[in-house]
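Descriptive analysis of the structure
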Amino acid sequence: MAFKPFDLTGKVAVVTGGNSGIGLGMAEGLAAAGADVAIWGRNADKNAAALERLKAHGRRAEALAVDVSDEAAVVDAMAESLARLGRIDCCIANAGVGGGAPLTEQTTEQWRKVTTVNLDAVFWTFREAAKHMVARAEEGDKGGSLLVTSSVSAIHGAPQNQAYAATKAGVLAMVRGTAVELARHGIRANAVLPGWIATEMTERLQKWDAFNEKAIGRVPMRRWGEGEDFAGIAVYFASDASTFHTGDSVVIDGGYSIF
Ligand code: NAI
């Protein structure tokens, strides 16, 4: 038989924040590799546009209107995704928000807004996906992949972004604990750390000449990353090519953090 480790035919993936940017790049990669995909996002128009793109790959695709900062909404959306697509093999907790300010001016409200979406919601998303994966493993169908979009701000100093950086580092610890705990079920947990990526989140920075010169000018690949740059890593971690790969953090930043 031909060696096709990245063929996702028969696998189902959920991607939170899958209607734009990095999440959409991941979702499109998964669909192109043969997976059925459910994306979760808040904006109905963006969900509809992303769904069109996913369906063009000829696989089952679903878009759910979900606010992941609401625990009950995450619980319901995981159940709904399961009901629509039958199983979940890969769950990518990618939804995230920025929100920085000088430390001395940061409010608890700003802190909670970021930590709720970027940390609490990852916990809820992982927990609900893991319940299904563990139950399935106990019935003899082992396996599953949990992936979170962290950030190089987890390992760099990120000025005026204490909340954001704390959440992105927090999910790395969450991944390692989860990886050890769920390994017996064949379930992996990993993190991707993007560098500077041209998405809605970085719109303001993309238009800032000094930033382009000083930060992007230091990226060895000499460009902003794009959502599509995350298709390959999503396919890899969703696929059977990564069944022994767990508890890891993969930096995808065009070489920025090693230069
Ligand atoms: P984006 O703004 O294009 O996408 C963010 C996604 O998260 C959207 O789909 C949005 O609907 C979703 N989202 C946000 N809050 C949500 C909520 N409460 N409920 C449901 N969905 C919600 O930005 P981007 O860059 O694609 O962000 C994706 C992830 O990548 C985030 O976790 C972000 O922190 C991370 N990241 C981005 C970097 C960049 O340079 N763009 C660098 C490092 C990490």
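Residues numbered from 1 in each chain as written. Predicted model: local features only at pLDDT ≥ 70, side-chain atom pairs only at ≥ 80, totals over all residues. Heavy atoms only, no water.

**What to know about the UniProt feature "domain: Ketoreductase" (unreviewed entry) in the protein chain**
Stated formally: UniProt positions are given in the numbering used here, feature names are shortened, and annotations may be inferred rather than shown by experiment. Strands are runs of DSSP state E lasting at least 2 residues, helices are runs of H or I lasting at least 4, and numbering of each runs from the N terminus.
Taking the numbering used here, the UniProt-annotated feature "domain: Ketoreductase" (unreviewed entry) corresponds to residues 11-199. The span residues 11-199 is 48% helix and 18% strand, and its two end C-alpha atoms sit 27 Å from each other.

**Here we look at the site of the ligand**
To keep it simple, the criterion reads: It suffices for a single heavy atom of a residue to lie within 4 Å of a molecule or strand for the residue to be listed as near it. Polar contacts here mean pairs of N or O atoms no more than 3.5 Å apart (in protein, one a potential hydrogen donor and the other a potential acceptor; neighbouring residues in sequence count only if both atoms are side-chain atoms). Reported accessibility uses the Shrake-Rupley method at a 1.4 Å probe radius. Residues are deemed covered only where the shown protein chains occlude them. Residues are grouped as follows: nonpolar covers Ala, Val, Leu, Ile, Met, Phe, Trp, Tyr, Cys and Pro; charged covers Asp, Glu, Lys and Arg; every other residue, Gly included, is treated as polar.
In the vicinity of the ligand there are 28 residues, among which N19, S20, N94, Y164 and T199 approach most closely. Between the ligand and N19, the relevant distance is 2.6 Å, taken from an oxygen atom to a side-chain nitrogen or oxygen of the residue. A distance of 3.4 Å separates an oxygen atom of the ligand from a polar atom in the backbone of G96. A total of 820 Å² of accessible area belongs to the ligand in isolation, and the protein chains cover 95% of it. Sorting the residues of the shell around the ligand by element identifies α1 (21-32) and α5 (162-182) as the ones contributing at least two each. Here the residues of the shell around the ligand sort into 11 nonpolar, 13 polar and four charged.

**Here's the deal with the side chain of T178**
Defined as follows: Contacts are assigned to residue pairs that have any heavy atoms within 4.5 Å of one another.
Residue placement: T178 occurs in helix α5. Setting aside its immediate chain neighbours within four residues, T178 contacts L146 and A189.

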